[in-house]
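# Inside the fold
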Amino acid sequence: MNRGTRGARARARARARARARARTRRALGAAAVALLLGACAGNAPPAPPTPAPSAASPLPTTAPTPQGLLLTADFGADTVTFVDPARGAVASVTVGRAPYGLAVGADGRAWVATADGVAVVDTRTRVRAALIPYRTGTGPVTGGEYRGGGMGIALSPDGAHAYVGVNVPGTTGVLEVIDTARREVTAVVPVGRRPFDVDVSKDGAEVYVTGHDSFDVTVVAAGSLKPRRIEVAPYGTEGGLASWLKPHHTVVRPSDGHLLLPFEGERLAVVDPRTGRTRIEPMTADTHQHGATLTADGRLLVVGTGAVRPGHGRGPSLTVRSPQGAERVYPLQGPHEEVAVSRDGRTAYVTGGYTRDGYWNGITVVDLGGGTTRRLAAGARPLGIAVL
C-alpha cells in the first residue's frame with residue numbers, strides 16, 4: 001500500500017471520528033434543552049395526546065347536513081366544525097375570531113358567540129349567513145382565555161331573541177339582546193364580570209347570566225330588561241379575581257325553575273331565582289368543574305377539569321347525577337370544557353377545548369350505560385357543543 005492510499009484512509013477515519021463527536025454534542029445539547037423545558041413547565045399537567053385525524057370523508061358542499069351530527073365552536077380557530085360522532089369531522093365553516101359558546105334553534109340556525117360578533121350559521125347548508133357586531137366596545141379582537149367578546153349564549157324558547165354575554169376585559173360585562181329576525185342588537189344590560197354562561201327560563205320570562213369573576217348570577221327580566229344580582233359563592237369570595245372557587249356554568253331545572261351551579265365536585269348550589277336563596281347539596285367528584293347540561297329525564301351532567309393544584313382534588317371526569325342526588329363519575333383523560341347529550345340520552349359528548357392550558361383538539365364520547373369512553377379528533381380547541 002502506497003503512502004497516498006494510507007493517507008487517504010487516515011483522513012477518512014479522522015472525518016468519521018469528527019462526525020461521531022458532533023452527533024454526541026448534538027444529543028447532549030438536546031437532552032439539556034429537554035431538561036430545561038421540563039423544569040420551566042413546573043406542575044403544569046401535560047396535554048393528553050390528540051387522536052389521529054379522522055378518516056371521515058368530507059360532506060360535499062351541496063349535500064344537506066344529516067341529523068345527529070355534532071357542532072362545535074373552535075376556540076382555537078375561527079370556525080365551527082360539523083362532527084360525525086362515529087367518524088369525526090366532516091365539514092367546517094368560518095364564523096369569526098375565537099368562537100366560544102353556541103346555541104342552535106329549531107329552525108336549524110346556529111348562533112355563535114365570537115370575539116368580533118355573533119355569527120349566524122345555517123347548519124342545514126353549512127353557510128355563515130351573517131355576523132352581527134356587538135354594540136359594546138371590547139377592545140382589540142384577540143384570542144385567548146381573557147379575550148373580549150361573546151362568551152355564553154342562549155335563545156329564547158320562541159327563537160325570537162338571542163342573548164349573549166359579552167366580556168369586557170378589565171370591567172363588568174354586558175348582556176346584549178339580539179332580535180333574530182332583524183339580526184341586530186336591540187338592547188344592552190349590565191351584568192357581572194366574564195359572563196361564562198347564559199341560560200333562559202322555561203317560559204322565556206327570565207334570562208340568567210353567570211358572572212365567573214363576580215361570583216354571581218344576574219337575573220334579567222326578558223320584558224323590562226331590569227337586572228337583579230344574586231351572589232353565588234358557597235366558598236365565599238375571598239381571593240377575588242385570583243380565586244378558583246367561582247361559578248362557571250348554570251343549568252335551569254325545568255321541574256321548579258331553580259338554578260344548579262356545581263362547584264369543585266364538592267358542592268352543588270341550588271338557587272331559587274325568585275327569592276335569591278341558595279341551598280347546598282354535596283357532590284362527590286372532587287374536581288374543578290366547568291360545563292354542565294341536563295338530560296330530558298332530569299339527570300345533571302357536569303364536566304370536571306381536574307385538580308386546580310397538585311394534591312388538591314382528583315383528575316378530570318364527567319359526573320352524571322340523578323334527580324335524587326345519586327352520582328356516577330366517569331374518569332376522563334385530560335381537561336375538558338362542555339358537554340352535550342345525544343337525543344336518546346345514552347351518549348355524552350365532552351369537548352376537549354378547555355379555557356386554560358392542557359386542552360386538546362377533540363371530543364370524548366362517553367357511553368352512559370356501559371361506561372366506556374373513546375376519543376375523537378375534531379376541531380381546534382373545541383368549547384361549545386350542540387347536537388343537530
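Described in the following lines is the structure provided in the data block.

Cut-offs and rules
Residues numbered from 1 in each chain as written. Predicted model: local features only at pLDDT ≥ 70, side-chain atom pairs only at ≥ 80, totals over all residues. Heavy atoms only, no water. Helix = DSSP H or I, 4+ residues; strand = E, 2+ residues; numbered from the N terminus. Buried < 20%, exposed > 50% of the residue type's maximum accessible area, 1.4 Å probe, protein only. Contact = heavy atoms within 4.5 Å. Areas by Shrake-Rupley, 256 points an atom, 1.4 Å probe, with all protein chains shown as cover. Pairing = 2+ DSSP bridges. Axes fitted to C-alpha atoms, helices over the stretch in contact; angles between N-to-C directions. Core = buried A, V, L, I, M, F, W, Y, C linked by side-chain atoms within 4.5 Å. Salt bridge = Lys/Arg side-chain N within 4 Å of Asp/Glu carboxyl O. Phe/Tyr/Trp six-rings, centres within 6.5 Å; stacked < 30°, edge-to-face > 60°. Lys NZ or Arg CZ within 6 Å of the ring centre and 35° of its normal.

## Concerning the overall build of the chain
Secondary structure summary: the chain contains one helix and 28 strands in total. Within the chain, the proportion of its 388 residues that are buried is 51%. Sequence separation of 24 or more characterises 46% of the internal contacts of the chain that already satisfy a separation of 6 or more. Carbon and sulfur atoms make up 53% of the accessible area of the chain, which amounts to about 17600 Å² in all.

## Considerations on the sheet that holds strand β12 (residues 195–200)
Across the sheet, which stays open at both edges, the four strands sit in the order β12-β13-β14-β15 with antiparallel pairing between neighbours. Both edges of this open sheet fall to β12 and β15 (227–231), since each of them pairs with a single strand only. Taken over all neighbouring pairs, the strand axes of this sheet differ in orientation by 20° on average, direction set aside. Across five bridges, the pairing between β12 and strand β13 (residues 206–211) is antiparallel. Across the sheet, the residue bridging to Asp197 is Thr210, located in β13.

## Looking at the environment of Thr171
Turning to its location among the elements, Thr171 is positioned in the loop between β9 (161–167) and β10 (174–179). You can call Thr171 partly exposed: its relative accessible area is 37%. Here the alpha-carbon distance between Thr171 and Gly192, two residues 21 residues apart in the chain, equals 8.8 Å.

## A closer look at the nonpolar core
It is characteristic of soluble globular proteins that their nonpolar side chains tend to be buried jointly. Counting residues in each nonpolar core, the largest one holds 17 residues, and the members touching the most others are Leu71, Val80, Phe82, Val95, Leu102 and Val112. Ranked by residue count, the leading element in this core is strand β3 (residues 88–94), at three residues. Ranked by size, the runner-up nonpolar core spans 16 residues in total, among them Ala103, Ala113, Ile132 and Ile178.

## Some points on the pairing of strand β22 (residues 317–321)
Of all five residues in β22, five are buried; the element is thus mostly enclosed. Burial along β22 is two-sided: Ser317, Thr319 and Arg321 facing one way and Leu318 and Val320 facing the other are all buried. Judged from the five bridges that link them, strand β21 (residues 300–306) and β22 form a sheet pairing that is antiparallel. In the sheet register, Val303 faces β22, and the bridge partner there is Leu318. Looking at chain direction, β22 and strand β23 (residues 327–331) are connected through five bridges and run antiparallel.

## So, the pattern of salt bridges
Scanning the entire structure with this criterion turns up 18 salt bridges. Between Arg109 and Asp107 there is a salt bridge, with the nearest N and O atoms lying 2.6 Å from each other. Owing to a relative accessible area of 18%, Arg109 belongs among the buried residues under this scheme. Among the ionic pairs, Arg229 bridges to Asp216, the shortest N-O distance being 2.8 Å. Residue Arg229 is found in strand β15, and its partner Asp216 is found in strand β14 (residues 216–221); the two are separated by 13 residues along the sequence. Relative accessible area serves as the criterion here: at 48%, Arg229 is assigned to the partly exposed category. Each of Glu145, Arg194, Asp213, Lys246 and Arg356 takes part in salt bridges that share partners, so that together they form one network.

## Thoughts on the sheet that holds β10
Spatial strand order, β8-β9-β10-β11: four strands in an open sheet with antiparallel pairing. Strand pairing shows two members of the sheet lacking a second neighbour, β8 (149–155) and β11 (184–190), which therefore form its edges. Across the sheet, the mean angle separating the axes of adjacent strands is 25° when strand polarity is ignored. Taken together, the five bridges between β8 and β9 define a ladder with antiparallel strand orientation. By the bridge assignment, Gly149 is partnered in β9 with Asn167.

## Considerations on the packing of aromatic side chains
As enumerated under the stated definition, the model contains three aromatic pairs in all. Judged by centre distance (6.1 Å) and plane angle (85°), the rings of Phe75 and Tyr100 are edge-to-face. In this pair, Phe75 sits in the loop between β1 (70–74) and β2 (79–84) while Tyr100 sits in the loop between β3 and β4 (102–104), placing the two residues 25 residues apart along the sequence. Residue classification places Phe75 among the buried residues on the basis of a relative accessible area of 7%. Judged by its relative accessible area of 3%, Tyr100 is buried. Both rings, one in Tyr235 and one in Phe263, keep their centres 6.4 Å apart while their planes meet at 45°; by these two values the pair is tilted. In this pair, Tyr235 sits in the loop between β15 and β16 (251–252) while Phe263 sits in strand β17 (residues 259–263), placing the two residues 28 residues apart along the sequence. Here the aromatic cluster, defined as three or more aromatic residues joined through ring pairs, consists of Phe75, Tyr100 and Phe196. Positioned above the aromatic ring of Tyr235, the side-chain terminus of Arg267 is 4.0 Å from the ring centre. Over the face of the ring belonging to Trp360 we find Arg375, whose NZ or CZ atom lies 3.7 Å from the ring centre.

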